[in-house]
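An overview of the molecular structure
Below are the chains, spelled out letter by letter.
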Amino acid sequence: MIKILFVCHGNICRSPMAEFILKDMVSQLGLSDAFFIASAATSTEEIWNGVGNPVYPPARAELARHGLSCEGKRAVQVTKRDYAEYDYLICMDSHNVRNLQRIIGADREQKVSMLLDYTDRPGASIADPWYTGNFGITYSDIVEGCKGFLAHLGYL
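Below you will find a few notes about this structure. Please read all numbers here as calculations on a predicted model, not as lab measurements.

Focus on helix α4 (residues 94-104)
Residues Asn96, Val97, Asn99, Leu100 and Ile104 constitute the buried set of α4. Buried residues along α4 sit against β1 (2-8), α1 (14-28), α3 (82-85), β5 (88-91) and β6 (112-114). Sitting at the amino-terminal end of α4 is Asp93, which places a side-chain oxygen 3.0 Å from the backbone nitrogen of His95. Backbone geometry just after α4 places Gly105 at a positive phi near 90 degrees.

Structure, rendered in structure tokens:
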């Protein structure tokens, strides 16, 4: 089983969008049993008294426009242990990479990457729609990254 953890700052927009987009893609390929896909935050800003906030309503609405549900998803924070648990820790931008490495330490096994590294735009960021307000572009970029990631694994 391939274990993937998508990472962003708050785990209420980009990383949960990536989680549910990739879950849908692997389901359509009939590969759900071959993957474990989750998402987490580098910060605790969206977690209060141990309970994470749900996916931000505009992100949830963008997923719904494409027939995807993120029902029940709540923000969680990355832990140091996640590095051992997951095969891939895929960040949305370079700030996420830096903050993730503060939590997990050195990336000795080369598990950390950015989602657009799997496209013809390596090093590029998935824009944070919390600030841009453009959830459609974020969705499209995540789809592109997830397709590139599946191609990297040899599934597309």
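Next, the rest of the story.
Some points on α1
The end-to-end C-alpha distance of α1, which contains 15 residues, comes to 21 Å, matching closely the 21 Å that a straight helix rising 1.5 Å per residue would cover. What α1 keeps buried is the set Arg14, Ser15, Pro16, Met17, Ala18, Glu19, Phe20, Ile21, Leu22, Met25 and Val26. Looking at the buried residues of α1, the elements they touch are β1, β2 (35-41), α2 (57-65), α4, α5 (129-132) and α6 (135-153).

Points about the environment of Arg108
Structurally, Arg108 can be placed in the loop between α4 and β6. Residue Arg108 is classed as exposed on the basis of its relative accessible area of 71%. Sequence spacing of Arg108 and Tyr83 is 25 residues, and the spatial spacing of their C-alpha atoms is 9.9 Å.

Regarding the nonpolar core
Ranked by internal contacts, the top residues of the largest apolar core, which has 36 residues, are Ile4, Phe6, Ile21 and Leu22. Residue assignment for this core shows that the elements contributing at least two residues are β1, α1, β2, α2 and α6. Beyond its immediate sequence surroundings of up to four residues, Ile4 is in contact with Leu22, Phe35, Phe36, Ile37, Ala38, Tyr86, Tyr88, Ile90 and Phe149. Membership of the second largest hydrophobic core comes to 14 residues, among which are Leu5, Cys91, Val112 and Met114.

Brief notes about the pairing of β1
Buried residues dominate β1, accounting for six of its seven residues. Two strands pair when backbone bridges link them, and β1 and β2 are joined in this way by seven bridges, in the parallel orientation. Across the sheet, Lys3 pairs through a bridge with Phe36, a residue of β2. For β1 and β5, the ladder comprises four bridges, and the chain directions are parallel. Looking at the pairing, Leu5 lines up with Leu89 of β5.

Here's the deal with the packing of α1 against α6
Two numbers describe how α1 lies on α6: the axes approach to 9 Å, and their chain directions differ by 50 degrees. Classed by the angle they form, the pair α1 and α6 counts as oblique. Here α1 and α6 pass one another in a crossing that is right-handed. Here Arg14, Met17, Ala18, Ile21, Leu22, Met25 and Val26 of α1 come into contact with α6, specifically with Phe135, Thr138, Tyr139, Ile142, Val143, Cys146, Lys147, Phe149 and Leu150. Split by residue class, the contact of α1 with α6 holds 13 nonpolar, one polar and two charged.

Considering a nonpolar patch on the surface
Taken together, the side chains of Leu29, Tyr155 and Leu156 make up a nonpolar region of the molecular surface, amounting to roughly 270 Å² of accessible area. Tracing the backbone shows Tyr155 in the segment after α6.

With respect to the sheet that holds β6
Sheets are built from strands paired through backbone hydrogen bonds, the pairs being either parallel or antiparallel. Pairing is parallel in the open sheet, where four strands are placed in the order β2-β1-β5-β6. Where the open sheet ends on each side, the last strands, each with one partner, are β2 and β6. Direction aside, neighbouring strands of the sheet carry axes that sit 25 degrees apart on average. α4 contacts β1, β5 and β6 of the sheet and is inclined by roughly 165 degrees relative to β6. Against the sheet, α6 engages β1, β2 and β5, with an angle of about 155 degrees to β5.

Reading the values: rules and limits
- Residues numbered from 1 in each chain as written.
- Predicted model: local features only at pLDDT ≥ 70, side-chain atom pairs only at ≥ 80, totals over all residues.
- Heavy atoms only, no water.
- Buried < 20%, exposed > 50% of the residue type's maximum accessible area, 1.4 Å probe, protein only.
- Helix = DSSP H or I, 4+ residues; strand = E, 2+ residues; numbered from the N terminus.
- Contact = heavy atoms within 4.5 Å.
- Polar contact = N/O pair within 3.5 Å; in protein donor to acceptor, adjacent residues only side chain to side chain.
- Expected span 1.5 Å × (residues − 1).
- Core = buried A, V, L, I, M, F, W, Y, C linked by side-chain atoms within 4.5 Å.
- Pairing = 2+ DSSP bridges.
- Axes fitted to C-alpha atoms, helices over the stretch in contact; angles between N-to-C directions.
- Parallel < 35°, antiparallel > 145°, perpendicular 65-115°, else oblique.
- Left-handed = near helix turned anticlockwise from the far one by under 90°.
- Nonpolar A, V, L, I, M, F, W, Y, C, P; charged D, E, K, R; others polar.
- Patch = residues over 30% accessible without salt bridge, like charges linked within 9 Å, V, L, I, M, F, W, Y side chains within 5 Å.
- Areas by Shrake-Rupley, 256 points an atom, 1.4 Å probe, with all protein chains shown as cover.
- Salt bridge = Lys/Arg side-chain N within 4 Å of Asp/Glu carboxyl O.

The values reported here are purely geometric and, on their own, carry no functional implication.
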